[in-house]
Amino acid sequence: MEKFEKLTGVAAPMPLVNIDTDMIIPKVFLKTIKRSGLGVNLFDEMRYDRQGNEIPDFVLNKPQYREAEILVAGDNFGCGSSREHAPWAIKDFGIRCVISTSFADIFYNNCFKNGILPIVLPEEQRDILMKDAEKGSNARIEVDLESQTVTSSDGEVFHFEVDPFRKHCLLEGLDDIGLTLEKSASIDAFEAQAAQSRPWV
Amino acid sequence: MSPKTLYDKIWDAHVAHEAEDGTCLLYIDRHLVHEVTSPQAFEGLRMSGRTVRAPDKTIAVPDHNVPTTADRVNGITNEESRIQVDALDTNAKEFGIHYYPVSDVRQGIVHIVGPEQGWTLPGMTVVCGDSHTATHGAFGSLAHGIGTSEVEHVLATQTLIQKKSKNMKVEITGKLKPGVTAKDITLSVIGRTGTAGGTGYVIEYCGEAIRDLSMEGRMTVCNMAIEGGARAGLIAPDETTFEYIKGRPHAPKGAQWEAAMDWWKTLYSDDDAHWDLVITIPAEEIEPVVTWGTSPEDVLPISATVPAPDSFKGGKVDAVRRAIEYMGLTPGQKLSDIEIDTVFIGSCTNGRIEDLRAAAAVLKGKKIKDGLRAMVVPGSGLVRAQAEEEGLADIFQEAGFEWRMAGCSMCLAMNPDQLSEGERCASTSNRNFEGRQGYKGRTHLVSPAMAAAAAVTGKLTDVREMM
């Protein structure tokens, strides 16, 4: 997994609440058997018309946001389906960090498996960053995972919380499966004990 | 011993390893797999030279992409869909996991097949690369959706890296009024809590109205726990649960059944267990409901009117404005005046036998409105066979419904069953998101009985007027 340490970049504002994973990557793109190449279809139905032309009003089609690396979003981002195609598409587009007041549980987990940092901030702070993002490419937001801070373009610093284990994995780019397999002895022991206590499983 | 919730008990029985910071390896008893979220996980195993640790606990069914027309026996026409289903065929064989292919009468939606075959049992941990895994919580098992990276993790290690969620109790007191169903309960709860209300929690549903539900109804309630943002929904097992399980192909038998029952009977929340949040709703306050917007929280009784955006707060104001425009509605319009083009009965929310019985009871001796498209997609081949045996298929077909083969179908429209632009559907599925049932399609979520009523009148209808 790609490491996440620090990021300074343009943030795209998406104030809509309840942006669901069907919006992030519509189902027609779930028929792939690969993880790559989904960035071009990120937010497909909001981003292109039926003929495949870009809709100029959509935020990621605007010149100042085409290279956005951060998304500042409305409440409950990523709700709905468990499709990991959503973070795959976000990452493939080039976005490495999403800031909101809340995320749906499965989407939040999926981000950490893909080198994306989801940041939860209180509404007032998110709103300040949303206004910052609306300024376009002149306002660059800085995200520092080590110090757990987001800095607005005006130099205002906000602290965020992140689970220490997830932080560690993201900073080091660690592979979860490799880490778990180091604990195989515990899994073996659990299985042996469960075979006794719950043999019907 | 300190008092525990049902969630606490199941969690404690599955911790294979706990780190100092509370990060746990949770052992997984059942891993369900479908064709959409698994190919990259199997590919990952291959690339790293790993294998499936517990193939006997891994069950695969193709459901999202499969056509629901009878000619599917000749193969899947859409090339991408075919490749995905073929990949599952190959992966199931190569890794030696249990498999129900399209040609098997037991094939169907993974969340219907699992319980039907007795794979889902009380006290288990159940995961699947699918958010509606919450369905299995109806058996008092801890069941939730995971992403594809986690699918690979479970395949390789039979565990998940987890931190514990908080405990929420949703109690539905008293008895439901006639015409009100499990679907109305679960939508009404989301209407109150919102789609993020359950974030960070595992919900246990309890109370007389929940106890009174059949297993099918309980699965409908738990299925939509995810729509309320919760990691999982749970209902403590009782005689209804045990009765449902007994004799199913993979349920324990003989002495193992007795041993299992001894444990299952301890699976309830202790009286003085700690709850982080409690929500109580009197059953008599629940009406037959419909959704009017593009989020499952956009729900109101059928007797209500389309709300005005200004009656909401914060970011929801713009979201409602957008939703009402997308749905082609006007604030103040009566919900029961909304005309529909299509009715879809099926999905892991409402594709079980009892759902079909409820819809057929409304449709018996009636015809669907002229020009309407209506289809029933049973949740599994066995549900389909049973409905045919009970004469339900005849009722649907005589009324003008198409009688389809099993699959996810128009719930998410990955197969050819889709809404066209602007088409409006009364649907027994679980998501009314923009484009969910087809590009620019419009979805109103309802119970099976309400869907049947809408099919007859051609508009959203209070089923109680037809009872």
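Within each chain, residues carry numbers counting from 1 in the order of the written sequence. Key to labels: chains lettered from A, ligands numbered from 1, both in the order written. Confidence filtering applies because this is a predicted model: local features only for residues at pLDDT of at least 70, side-chain atom pairs given and counted only at 80 or more, and all residues used for totals across whole chains, interfaces and linings. Note: side-chain values were computed over all heavy atoms of the structure, leaving out hydrogens and water.

**So, the overall build of chain B**
Link 1 in the chain: Put simply, DSSP marks the helices as runs of H or I at least four residues long and the strands as runs of E at least two long, and each gets a number from the N terminus on. From N to C terminus, chain B includes 16 helices and 19 strands.
Link 2 in the chain: We take the radius of gyration over the C-alpha atoms and set the globule estimate at 2.2 Å times the residue count to the 0.38 power. Taking 467 residues into account, the globule formula puts the C-alpha radius of gyration at 23 Å, and chain B, at 21 Å, falls close to it.
Link 3 in the chain: Principal axes of the C-alpha set define a box for chain B whose edges measure 55 × 55 × 45 Å.
Link 4 in the chain: Exposure classes here rest on a 1.4 Å probe applied to the protein chains alone. A residue is buried below 20% of its type maximum, exposed above 50%, and partly exposed in between. Across the 467 residues of chain B, 66% fall into the buried class.
Link 5 in the chain: Whether two residues are in contact is decided by their heavy atoms, any of which lying within 4.5 Å being enough. Put simply, 76% of the contacts in chain B that link residues at least 6 apart link residues at least 24 apart.
Link 6 in the chain: Methods summary: accessible areas were calculated by the Shrake-Rupley approach with a probe of 1.4 Å, and residue burial reflects only the protein chains presented. A total accessible area of about 15500 Å² is found for chain B, and carbon and sulfur atoms account for 49% of it.
Link 7 in the chain: In this count, Lys and Arg are taken as positive residues and Asp and Glu as negative ones, while His and the chain termini are left out. By convention, the charge on Lys lies at NZ, on Arg at CZ, on Asp at CG and on Glu at CD. Between the averaged position of the 47 positive side-chain charges in chain B and that of its 63 negative side-chain charges there is a distance of 1 Å.

**Regarding the interface of chain B and chain A**
Link 1 in the chain: Contacts between the two partners involve 72 residues from chain B, matched on the other side by 53 residues from chain A.
Link 2 in the chain: When two parts are brought into contact, each loses some accessible area as probed by a 1.4 Å sphere; the total of that loss over both is the buried area. Across the interface of chain B and chain A, roughly 5300 Å² is buried in total on both sides, 57% from carbon and sulfur atoms.
Link 3 in the chain: The largest contributions to the chain B side of the interface with chain A come from B:Gln40, B:Arg53 and B:Tyr439, which together make up 13% of the buried area.
Link 4 in the chain: Here, a salt bridge means any Lys or Arg side-chain nitrogen found within 4 Å of an Asp or Glu carboxyl oxygen. On the surface where chain B and chain A come into contact, there are eight salt bridges.
Link 5 in the chain: Here A:Asp188 makes a salt bridge to B:Arg53, at a shortest N to O gap of 2.7 Å.
Link 6 in the chain: A 3.5 Å cut-off defines polar contacts: any pair of N or O atoms within that distance qualifies, except that in protein one atom must be a possible hydrogen donor and the other a possible acceptor, and neighbouring residues in sequence count only when both atoms are side-chain atoms. Put simply, chain B and chain A have 30 residue pairs in polar contact (both at pLDDT 80 or more) between them.
Link 7 in the chain: Broken down by secondary-structure element, the contributors of at least two residues to the side of chain B that touches chain A are strand S1 (15–18), strand S2 (24–27), helix H2 (39–47), helix H3 (79–95), helix H5 (148–157), strand S8 (159–162), helix H10 (254–264) and helix H11 (316–327) of chain B.
Link 8 in the chain: Take the side of chain B that touches chain A: its biggest share by element is seven residues, from H5(B).

**Focus: the pairing of strand S6 (residues 125–128) of chain B**
Residues and elements named next belong to chain B.
Link 1 in the chain: Because side chains alternate across S6, one face comprises the buried residues Thr125 and Val127, and the other comprises Val126 and Cys128, equally buried.
Link 2 in the chain: If DSSP finds at least two bridges between two strands, the strands pair. Pairing of strand S3 (residues 30–33) with S6, which is carried by three bridges, proceeds in the parallel orientation. Bridging from a neighbouring strand, His31 pairs with Val127 of S6.
Link 3 in the chain: Of the strand pairs in this sheet, S6 and strand S7 (residues 142–145) are connected by four bridges, and their pairing is parallel. Residue pairing for S7: Val126 is matched across the bridge by Ala143.

**Considering the pairing of S1(B)**
Residues and elements named next belong to chain B.
Link 1 in the chain: In this structure, S1 lies alongside S2, joined through three bridges in antiparallel fashion. From the neighbouring strand, Val15 faces S2, where its bridge partner is Leu26.
Link 2 in the chain: Hairpin remark: S1 followed by S2, antiparallel, with five residues in the connecting loop; positive phi at Gly22, about 90 degrees.

**Some details on the UniProt feature "domain: Aconitase A/isopropylmalate dehydratase small subunit swivel" (unreviewed entry) in chain A**
Link 1 in the chain: UniProt positions are given in the numbering used here, feature names are shortened, and annotations may be inferred rather than shown by experiment. UniProt annotation of "domain: Aconitase A/isopropylmalate dehydratase small subunit swivel" (unreviewed entry) refers to residues 1–123 of chain A when read in the numbering used here.
Link 2 in the chain: Summarising residues 1–123 of chain A: 21% helix, 17% strand, and an end-to-end C-alpha distance of 31 Å.

**So, the sheet that holds strand S15 (residues 342–346) of chain B**
All names here are of chain B.
Link 1 in the chain: Within the open sheet, the five strands sit side by side as S17-S16-S15-S18-S19. Their pairing is parallel. With partners counted over all chains shown, the strands left at the sheet margins are strand S17 (402–403) and strand S19 (442–445), one partner each.
Link 2 in the chain: Looking at chain direction, strand S18 (residues 424–427) and S19 are connected through four bridges and run parallel. Looking at S19, one finds that Cys425 is bridged to Thr443.
Link 3 in the chain: Note on method: axes are straight lines fitted to C-alpha atoms, helices fitted across the in-contact stretch only, with angles between N-to-C directions ranging 0 to 180 degrees. Relative to S15, helix H16 (residues 448–457) is tilted by about 155 degrees, and along the sheet it contacts S15 and S18.

**Details of the environment of B:Tyr439**
Link 1 in the chain: Relative to the helices and strands, B:Tyr439 resides in the loop between S18 and S19.
Link 2 in the chain: Spatially, the C-alpha atoms of B:Tyr439 and B:Ser420 are 6.5 Å apart, while their sequence positions differ by 19 residues.
Link 3 in the chain: Residue contacts for B:Tyr439: discarding those within four places in its chain leaves A:Glu45, A:Tyr48, A:Asp49, A:Arg50, B:Leu419, B:Ser420 and B:Glu421.

**Some points on the side chain of B:Asn65**
Link 1 in the chain: Along the chain, B:Asn65 turns up in the loop between strand S4 (58–60) and H3.
Link 2 in the chain: Of the residues examined, B:Asn65 reaches a relative accessible area of 1% and is grouped as buried.
Link 3 in the chain: Side-chain polar atoms of B:Asn65 contact the side chain of B:Ser81, separated by 2.7 Å.
Link 4 in the chain: Once you skip the residues sitting within four places of it in the chain, B:Asn65 turns out to touch A:Lys31, B:Glu35, B:Val36, B:Ser81, B:Gln84, B:Val85, B:Met414 and B:Asn415.

**Side note on the packing of helix H6 (residues 182–193) of chain B against helix H8 (residues 215–223) of chain B**
All names here are of chain B.
Link 1 in the chain: Contact pair H6 / H8: the axes reach a minimum separation of 8 Å and the direction vectors enclose 20 degrees. Put simply, H6 runs roughly parallel to H8. The interaxial crossing formed by H6 with H8 has right-handed handedness. Contacts between H6 and H8 pair Ala182, Lys183, Ile185 and Thr186 from the former with Gly217, Thr220 and Val221 from the latter.
Link 2 in the chain: Taken together, the residues that form the contact of H6 with H8 break down as three nonpolar, three polar and one charged. Between 65 and 115 degrees an angle is taken as roughly perpendicular, under 35 as roughly parallel, over 145 as roughly antiparallel, and anywhere else as oblique. In a left-handed crossing the near helix is turned counterclockwise from the far helix by less than a right angle, and in a right-handed crossing that turn is clockwise. Each residue gets one of three labels, nonpolar for Ala, Val, Leu, Ile, Met, Phe, Trp, Tyr, Cys and Pro, charged for Asp, Glu, Lys and Arg, and polar for the others, Gly among them.

**Here's the deal with the nonpolar core**
Link 1 in the chain: With 112 residues, the main nonpolar core has A:Phe43, A:Phe77, A:Val143, B:Val343, B:Phe396 and B:Phe401 as its most contacted residues.
Link 2 in the chain: The element contributing the most residues to this core is H16(B), with eight residues.
Link 3 in the chain: The domain boundaries here were taken from an automatic or database domain assignment. Per-domain counts for this core show at least three residues from each of domain 1 (6–164) and domain 3 (289–466) of chain B.
Link 4 in the chain: Setting aside anything within four residues of it in sequence, one finds A:Val143 in contact with A:Phe4, A:Glu5, A:Lys6, A:Leu7, A:Ile70, A:Cys97, A:Leu117, A:Ile119, A:Thr149 and A:Val150.
Link 5 in the chain: The next biggest cluster of nonpolar side chains, apart from the first, holds 61 residues, and it includes B:Met219, B:Cys222, B:Trp257 and B:Ile286. Among buried residues, those of type Ala, Val, Leu, Ile, Met, Phe, Trp, Tyr and Cys that are joined through side-chain atoms within 4.5 Å constitute a nonpolar core.

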